[in-house]
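# Residue-level structure breakdown
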Amino acid sequence: MNLNKKFLLLNLFFLQAYLIRFEIGGYPTNLQEILIGLQFFIFLYAIIKGKIFLETISNIKRHWIILGFLGLTALSLATTEIVNNIDLIRHLKFLFFAAVFTFIFIETFKTKEERENAIKIAGFGAMAFGIFSIVYNLLGKNVALDYRLLGPLDSAVYLSFYLTPFFIYFTIKFLEDTRTKSNLISSIILALLLIATRSMGSILGSIVILLIYIVKKTKLLKKTSVKIAATLILLTAISISFYVKILPTIKTDYSSLDERGEIWLVSVELLKEPKTFLFGLGPSQFEQNYINTADKVLKQPPLDYYVIQPHNIFLLFIFNYGILGLIFLLVLIAKTVSIVIKPQAEAKTSLQEIAGFVIAYFFLHGLIDTPFIKNDLLILLFIFFEMAFAGKNRD
């Protein structure tokens with residue numbers, strides 16, 4: 001294995017390296033950005049040495065997902081009024097580093113075996129970070145008021161979004177081959193970590209996606225015992241969601257659903273402006289517009305002024321990129337549904353299908369949470385997009 005591949009696997013394992021922040025000559029940066037920068041130069045050296053520089057550059061046109069996001073961002077910048085330059089710069093940095101990293105990933109790992117191995121390494125990194133998060137919170141650092149597992153992150157949902165794609169991956173791999181116990185162990189560890197985050201969006205979303213997989217790909221549901229078990233698991237998750245999310249909304253003046261209700265109400269009001277509907281608010285400009293508008297729309301102070309994203313994937317795309325962004329999202333959803341429901345001739349699930357199931361989870365959970373424009377999650381989103389839609393592999 002050459003240096004480029006080894007360093008890329010290291011980057012995948014330490015995807016949370018952005019938490020180590022510092023300044024270089026007054027420029028705020030983090031370890032992840034430095035590692036991706038080094039990765040770029042190592043990759044550049046590898047393709048020049050391998051005499052595939054021109055071939056690799058010509059492959060850029062194949063990465064229509066990345067090009068789509070970059071094009072929509074450029075168009076949004078040209079047609080919207082930026083009200084918060086700091087949020088814009090953060091957005092552009094996330095997008096740039098995620099695009100570069102994903103391009104290198106797809107152009108480096110070209111075979112199914114290489115990509116499978118890379119996803120496993122990233123999954124092991126997620127488990128390691130989850131275990132580190134337990135220790136971090138048990139030591140009394142960054143402890144949530146409701147004692148949800150969040151490690152050093154700002155929110156438990158950030159951690160759950162990071163863990164869930166790998167939980168889905170390892171669970172499907174185990175169901176494909178129950179003899180490989182390492183996949184079962186990985187799945188159980190990730191499941192326990194997810195439960196500790198108490199993110200009902202992640203827990204319910206992953207259960208729904210895995211049930212869809214089981215219905216499509218296996219004969220397990222023909223067994224009465226498995227049907228009963230699957231039903232009980234789903235009902236248990238729904239019941240817990242009711243007590244954790246819905247009941248507090250009914251009994252108290254504050255819950256996460258109450259907050260989302262306010263966000264969506266203000267969002268609807270913002271979309272009544274024709275220019276906003278057509279062109280959006282601009283990349284990551286929602287928070288400042290929400291702060292400026294919430295009091296007037298709600299007739300009272302909102303439960304929280306500092307709302308980074310609109311907590312709905314449709315609103316996220318239309319506010320960031322306008323109506324073209326919404327159309328782009330609908331195309332991605334249509335392609336994902338096609339992958340998820342289309343019958344496959346092969347008995348085993350392909351990596352493309354697994355990526356499709358992971359993307360389906362992102363869309364499903366994205367109905368209520370949208371922390372995608374972030375160092376680690378945007379990279380994962382792009383990689384699974386590319387593996388599902390654009391990145392062909394050699395078996």
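Everything discussed here concerns the structure shown above.
A few points on the structure. (Residues numbered from 1 in each chain as written. Predicted model: local features only at pLDDT ≥ 70, side-chain atom pairs only at ≥ 80, totals over all residues. Heavy atoms only, no water.)

### Notes on the pattern of salt bridges
Under the definition given, this model contains nine salt bridges. For Glu33, the salt bridge identified is with Lys93, shortest N-O distance 3.2 Å. Linking Glu33 in helix H2 (residues 31-49) with Lys93 in helix H5 (residues 85-108), this pair joins segments that are 60 residues apart in sequence. In this structure Glu33 comes out as buried when scored by relative accessible area, which is 6%. Glu107 is the partner of Lys110 in a salt bridge, and the nearest nitrogen-oxygen pair spans 3.0 Å. A cluster of three or more residues bridged by salt bridges with shared partners is formed by Arg62, Glu107 and Lys110. (Salt bridge = Lys/Arg side-chain N within 4 Å of Asp/Glu carboxyl O. Helix = DSSP H or I, 4+ residues; strand = E, 2+ residues; numbered from the N terminus. Buried < 20%, exposed > 50% of the residue type's maximum accessible area, 1.4 Å probe, protein only.)

### Considerations on the packing of aromatic side chains
Here the structure, examined in full by the defined rule, presents 29 aromatic pairs. Consider the rings of Phe132 and Tyr136, whose centres lie 5.6 Å apart with planes at 45 degrees: the pair is tilted. One end of the pair, Phe132, and the other, Tyr136, are both in helix H6 (residues 112-138), four residues apart, so they sit about a helical turn from each other. An aromatic cluster is defined as three or more aromatic residues linked by ring pairs; in this entry it consists of Trp64, Phe69, Phe317, Tyr321, Phe328, Phe363, Phe382, Phe385 and Phe389. (Phe/Tyr/Trp six-rings, centres within 6.5 Å; stacked < 30°, edge-to-face > 60°.)

### What to know about the packing of helix H11 (residues 256-271) against helix H14 (residues 313-341)
Packing of H11 against H14 leaves a shortest axis separation of 12 Å and a crossing angle of 40 degrees. Considering how the two elements wind past one another, H11 and H14 form a crossing that is left-handed. Contacts between H11 and H14 involve Trp264, Ser267, Leu270 and Leu271 from the first element and Leu315, Ile318 and Phe319 from the second. Looking at the contact of H11 with H14 residue by residue, the classes come out as six nonpolar, one polar and no charged. (Axes fitted to C-alpha atoms, helices over the stretch in contact; angles between N-to-C directions. Left-handed = near helix turned anticlockwise from the far one by under 90°. Contact = heavy atoms within 4.5 Å. Nonpolar A, V, L, I, M, F, W, Y, C, P; charged D, E, K, R; others polar.)

### Structural notes on the environment of Lys112
Among the secondary structure elements, Lys112 is positioned in helix H6. A relative accessible area of 28% means that Lys112 is categorised as partly exposed. With 239 residues separating them in the primary sequence, Lys112 and Leu351 have C-alpha atoms 7.1 Å apart.

### Quick look at the nonpolar core
Formed by 84 residues in total, the largest nonpolar core has its most connected members in Phe105 and Phe385. Once you skip the residues sitting within four places of it in the chain, Phe105 turns out to touch Leu8, Leu12, Arg115, Ala118, Ile119, Ile383 and Met387. In terms of nonpolar packing, the next biggest core, distinct from the first, is built from 15 residues, Leu270, Val307, Leu315 and Ile318 among them. (Core = buried A, V, L, I, M, F, W, Y, C linked by side-chain atoms within 4.5 Å.)

### A closer look at H5
Helix length check: H5, at 24 residues, gives a terminal C-alpha distance of 34 Å against a target of 34 Å (1.5 Å per residue), a fit within 8%. With 18 of 24 residues buried, H5 is to be regarded as a mostly interior element. You can read the cap of H5 off the contacts: a side-chain oxygen lies 3.1 Å from the backbone nitrogen of Ile86, and it is on Asn84. (Expected span 1.5 Å × (residues − 1). Polar contact = N/O pair within 3.5 Å; in protein donor to acceptor, adjacent residues only side chain to side chain.)

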